[in-house]
Structure formats: structure tokens, C-alpha cells
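# Remarks on the overall topology
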Protein chains: 2
Amino acid sequence: MKVLITGGAGFLGQRLARELLSRGSLKDQQGAPQAITELVLLDVVRAGDVGDSRVRTEVGDIAERSVLERVIDGKTSAIFHLAAIVSGQAEADFDLGMRINLDASRLLLEVCRQRGHRPRVVFTSSVAVYGGDLPEIVQNDTALNPQSSYGAQKAIAELLLNDYARRGFVDGRVLRLPTISVRPGRPNAAASSFASGIIREPLNGESATCPVAGSTRLWLLSPRKAIESLIAGLEIDAAALGNQRVLNLPGISVSVDEMIAALREVAGDAVAQRIVREPDARVEKIVGSWPGQWNTSRAEGLGLSGDRSFADVIRAYIADEGIEVR
Amino acid sequence: MKVLITGGAGFLGQRLARELLSRGSLKDQQGAPQAITELVLLDVVRAGDVGDSRVRTEVGDIAERSVLERVIDGKTSAIFHLAAIVSGQAEADFDLGMRINLDASRLLLEVCRQRGHRPRVVFTSSVAVYGGDLPEIVQNDTALNPQSSYGAQKAIAELLLNDYARRGFVDGRVLRLPTISVRPGRPNAAASSFASGIIREPLNGESATCPVAGSTRLWLLSPRKAIESLIAGLEIDAAALGNQRVLNLPGISVSVDEMIAALREVAGDAVAQRIVREPDARVEKIVGSWPGQWNTSRAEGLGLSGDRSFADVIRAYIADEGIEVR
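Residues numbered from 1 in each chain as written. Chains lettered and ligands numbered in written order. Predicted model: local features only at pLDDT ≥ 70, side-chain atom pairs only at ≥ 80, totals over all residues. Heavy atoms only, no water.

By the naming in an unreviewed UniProt entry, chain A is D-erythronate dehydrogenase, taken from Paraburkholderia fynbosensis.

## What about the overall build of chain A?
Scanning chain A from N- to C-terminus turns up 13 helices and 14 strands. The C-alpha atoms of chain A give a radius of gyration of 19 Å, which matches the 20 Å a tight globule of 326 residues would have. Overall size of chain A, expressed as C-alpha extent along the three principal axes, is 55 × 45 × 40 Å. Here chain A holds 326 residues, and 59% of them are scored as buried. If you take every contact in chain A between residues at least 6 apart in sequence, the share linking residues at least 24 apart comes to 77%. Looking at chain A as shown, the accessible area adds up to about 12400 Å², and 46% of this sits on carbon and sulfur atoms. When the 38 positive and 40 negative side-chain charges of chain A are each reduced to one mean point, those points stand 4 Å apart. (Helix = DSSP H or I, 4+ residues; strand = E, 2+ residues; numbered from the N terminus. Rg over C-alpha atoms; globule rule 2.2 N^0.38 Å. Buried < 20%, exposed > 50% of the residue type's maximum accessible area, 1.4 Å probe, protein only. Contact = heavy atoms within 4.5 Å. Areas by Shrake-Rupley, 256 points an atom, 1.4 Å probe, with all protein chains shown as cover. Lys, Arg positive; Asp, Glu negative; His and termini not counted. Charge placed at Lys NZ, Arg CZ, Asp CG, Glu CD.)

## Quick word on the interface of chain A and chain B
Between chain A and chain B, the contact holds 32 residues from the first and 32 residues from the second. Both sides together, the interface formed by chain A and chain B hides about 2600 Å², and carbon and sulfur atoms give 49% of it. Linking chain A to chain B there are 8 salt bridges. A salt bridge links aspartate 103 of chain A to arginine 106 of chain B, with the nearest nitrogen and oxygen atoms 2.7 Å apart. Looking at which element gives the most residues to the side of chain A that touches chain B, the answer is helix 5 (residues 149-166) of chain A, with 10 residues. In terms of residue class, the side of chain A that touches chain B is built from 13 nonpolar, 9 polar and 10 charged. (Buried area = accessible area lost by both parts, 1.4 Å probe. Salt bridge = Lys/Arg side-chain N within 4 Å of Asp/Glu carboxyl O. Nonpolar A, V, L, I, M, F, W, Y, C, P; charged D, E, K, R; others polar.)

## A short note on the pattern of salt bridges
All names here are of chain A. Under the defined criterion, the tally for this structure stands at 62 salt bridges over all chains. One salt bridge in this structure joins glutamate 201 and arginine 200, with 2.7 Å as the shortest N-O distance. What emerges from the salt-bridge pattern is a single network uniting Lys2, Glu38, Arg56, Glu58, Arg70 and Asp73.

## Quick word on the environment of serine 77 of chain B
Position of serine 77 of chain B relative to the elements: it lies in strand 6 (residues 76-81). The contact partners of serine 77 of chain B, leaving out residues within four places of it in the chain, are Met1, Lys2, Pro119 and Arg120 of chain B.

## Focus on the packing of aromatic side chains
Under the counting rule described, the total for this entry stands at 10 aromatic pairs over all chains. Ring plane angle 90° and centroid distance 5.1 Å describe the contact between phenylalanine 94 of chain A and tyrosine 164 of chain B, whose orientation is recorded as edge-to-face. Note that phenylalanine 94 of chain A is positioned in helix 4 (residues 94-115) and tyrosine 164 of chain B in helix 5 (residues 149-166), a pairing that runs across two chains. Taken as a pair, phenylalanine 94 of chain A and tyrosine 164 of chain B share a single burial class, namely buried. Aromatic pair tyrosine 130 of chain B and tryptophan 294 of chain B: ring centres 6.0 Å apart, planes at 55°, arrangement tilted. Remark: tryptophan 294 of chain B occurs in the loop between helix 11 (281-288) and helix 12 (297-301) and tyrosine 130 of chain B occurs in the loop between strand 7 (120-126) and helix 5; sequence separation between them is 164 residues. A relative accessible area of 0% places tyrosine 130 of chain B in the buried class. (Phe/Tyr/Trp six-rings, centres within 6.5 Å; stacked < 30°, edge-to-face > 60°.)

So this is what it looks like as C-alpha cells:
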């Protein structure tokens, strides 16, 4: 089986690649495990060498048709489309966001359609497709109402994938991801970057600024569970999805104050005190428009699950990254 | 004031043009009436000559940037974007639907953005953005779930306009139109074409086929009220719309059996008996996915209204078209 990951040099792409290589196989559309014979990692920078002969790294602009034609052929049977311009950057550079989050996603679907073999395609979407006056718990039939260009672009990509799937051009699935926390590495241009930063930086002995009110409720998913969900989402039986290809993934609903309390519980007072409150209206406006929780019954019915508690998420982060708490 | 109508040679475009010329003015963004000095009618075929020196007809492919640049300049302050590929045709020719319903709509927004003067733009959308399991009355926060490529393309255009408006590139408004009935002329490739045909053809002494069950509930708006709503939609104060630029227009909810009963009431038994029941699964699937009614409180609060009864709609059609009932 040939597998493609776009955004393959990114944090989730790299983690997903390692997990797929370690598992060695994916279920095919009939539910039978098939060995992964080739894993293509496409990104604008070359993905790190993982020292595995099944991996082929490709560098290119995903909004160029020739690049997608190079990495998707008639034998590519599973595609994880993770490449994206994050929320803050898509708000700052409208054209770049449209080019990558909308045009490239559509082009990917077009190249699959042109190949004609109806591959499985996983798109990731986001809490940012919601906004405005929301019920306390967003339901499966709650209208999308994005309040950022990133959210609008993701909502459009969802509609495209759903229609390409309905027409039989791809066997598509959209996974709406909660905000991922705790991400390792450095802050990025996502409006939600702080949701990792306020845990990661204090654990590294550095101070971190928290740009939103402590009462702000976030809907979170750990990287471990995100990777597990991406693979499970690809393997779900198409018949169980029917004509509705979008799934709200399970998460945990925690306020920023609860996140800080969990950090204090796991790592102690000295660490938690490295968080500096510094309200930022731009971030509050975007993040405040996102739902703090959504109904996960459909995803759970299909076998997907989230984390148990945010304290557990922090402990897993500490274990995965080999951090020595001081 | 310079006004543009795309799809200006079409049925609604022509009616709208006549109404605008007869009114002679439109309110500007401050609510003050301004004389219409130029009315540009763009379409793929030349719009009929209405013998008015204010009218300029333009022929061109609306998916070409140069065509839009020719008809939108820094003084174009009101744009009615009516050009579209109808539902049945967009389902039969996916690429054509994408090109006109999505690409051309986006290009129109882009040319407005490039001009930099934030013109008022009215998009029309449709019952077809809804689908799947719907509440008996669709609410303002009911999720879109299009079951046709036309519906998906309209839903995407809504999201684009909303984001372009939020960013201040245009002063946009999306009017979700009920199915228009009674349209004069000939059947077209819309899945809803029969909703006019079963009234129009019998009144012309011809037989008409009804492809859906009599219990099928439709959400209808007369051409007169549609034109009135388009103009009112453009003139609504932007502040009253805020960041939610999509409006579900008032309509009337009638079953096909009730439509036929209204025809019998207005025109007699002999006319109503010209309708032949001939189920068509393709049409039933598309039309059956549309809502039979939606909540109209927001539009009504903004001063918009629908028809009183379908019998009145038929009477208005007979009067407008000068039909002699036999």
C-alpha cells in the first residue's frame, strides 16, 4: 500500500509517519490489513530522514498541480492531507491562506479524481469552522459560522471533500480536530499557539504569556490521541459514514485556569508561576469565537476516543519528550 | 450610481433590470436615494434591448477576470450576482458548475477587492445548501448539508462572501431564495423546474409532468417578491447585518398537492387535469433533500416579506403574463 502525507515535515506529519512505519500496515477499504510499501512525505521543506527505506521525501509547493501529480498516482490508496497555513498566518496573509488551505486542497481532490481510483483521503479541519452565538455544547447539526479566514477556508474544504466523496471521486473523510495540546517545539503563528506554550515553556524553565482570560474554555486533544484518530479516521468503513463525511473528534473541555491548575498538579507551583497573563485582543477575538465543547457521540459510535484528563495529557507530554521537571 | 447585474439576460436579471429602471434610484450605504446613472447587464448572451439609455449590455464569460474587470470599476457601487449554473446542470456537468458557481463568484469578489472601494454585492443562494436529516422548520443555526454539487457550490460561495465582507473587501449580502415559482418561459435544467412547469404549462393549454410525490413540500417565492427582496437585500443597513451576511428569505411552504389544488381553485378543473404524475428518482432525490420551510424571523425583522398564498402567486403570474385561462 502506498501512502501520502502532505505537511509531512510538520509536527503532526512526522509523528504520523513514525506511527505508520511502526505499525507497518493499514486496513484497506475491505478492512484487511495491507503492508505499507511506500510512504511519501511531501512538504515545502524536506522532511527529516527517518532512516527507513519505505519513506520517500518530496519537496514542493502543494498548490502546484505538477507537484501533486508527482506524489499521487493510481496506486496511492491513502492520503493524509495535513498541509495548512495556520489561523494567525491565514488572517495576516489572506492570499497565502486561500492558496494553501483552499486551492491546494481542491487541487489534491482534483488530482485524485483525475487518477480515477477513488483513494481514501483524510482532511483535517478545526474548531475554527464554528463561531458566533454557539450553544454550550456544539451539536452535529449546529451551523458553521467561521469568524476567521482560516475557519472559512477549512469549512470550504469540508464542503469540497464531502461533494467529491458523494460523487465518488474520492473516499473522503474530514476530521475536525480539537486544538492540539501539548505541541512540542516552538510557538507558531496559530492563534491557539499559547494553548501549548503555557504548558511547554514553563516545563522548559521559561516564562510563557497567556493572551486570553482564565475562564476561556478550550477543546483540546493530545498529539498521541490526534495521531490515533487520524489513522482510525482513515480506516473507518465508508459505509458507516454514508454521505456525511465530517466527524467532530472527541476532546476534553478545559478552561485556561484548569489547564494551569493541571500544570501545577503535575509539575508544581514554581513551574505554574512561569505563566504571565498578558491579554491580546487579536488572539482573544479569534479563540473566543471557537466552541469549548462539541457533541462527540457520532465519532465515539465509530470507535474514536479522546483523552481522559488534561493532567494525563501533560504527563504524557513529559514522558514523550523526556522532560526533567525542575 | 453605477449598478451591475450578472446573469442580466436571464429571467430574474431582466425583471430586476426593469424594476430598477422603473424605480430610477437605489439607497446608498448611508440610506440616501441615489439616481441610477448606469445599469450594466452582463451575460453569456446579449441581454434584450430595453430601450433605455442608462443600460449597457456586455457579453462575456464571467469566469474570465478580464470580463469582470470590464464591468466592475471603482464607481460600481451595487452588484447583483445572479449568474449561475442551475442544480440539474451542475449535477450533470461538475466542472461547469464549479467554474461558474464557485470560481466566477470568487473572481467577482476578488475584482471588487482589487478595486478597493468596498461595493455592495448581493449573492443569491438556495434551499439546496440544506439537506440530510432536517428539522421540520430549518432554523438560522441549522447546519448546511448540501446533497448536490449546486448546493455545495452555493454554500461555498456563501462562506467566501461572508469572509470577504468580514475583512472589509466588500459590503456583501447573501439572500437564500426559496424556489421561484411561477417562472414564465420554458422548462430549464434546474431540478426544481417542475415547480413552475406544473402551473405554467397547464395554464398554456399544455400538459406538464410532475416528477415528485404530491406530499413533497416546497418552499416557494414568486418572481415579484424575489425582485422586491433582491432590492431590499441590497439596501439593508450593513450595521444591522453585522458579521452574519446570510439571510433566509421568507417564502410559503406548500405541498405539490396544495399547489395543484391552488391551480384548480384559480383556473378550474380542466387546467389542473393537464398535470401528469410521472415520478423521476433523480429529481425526487435532489428536491426531497431540500427544506420545506425555514425560520424567517431574521429577514422579517429586517423588513423583508414573502407571498400571502400560492393561489395569489398564480393570480399574479396570470396578470403579469397576460394569460387568458381556458
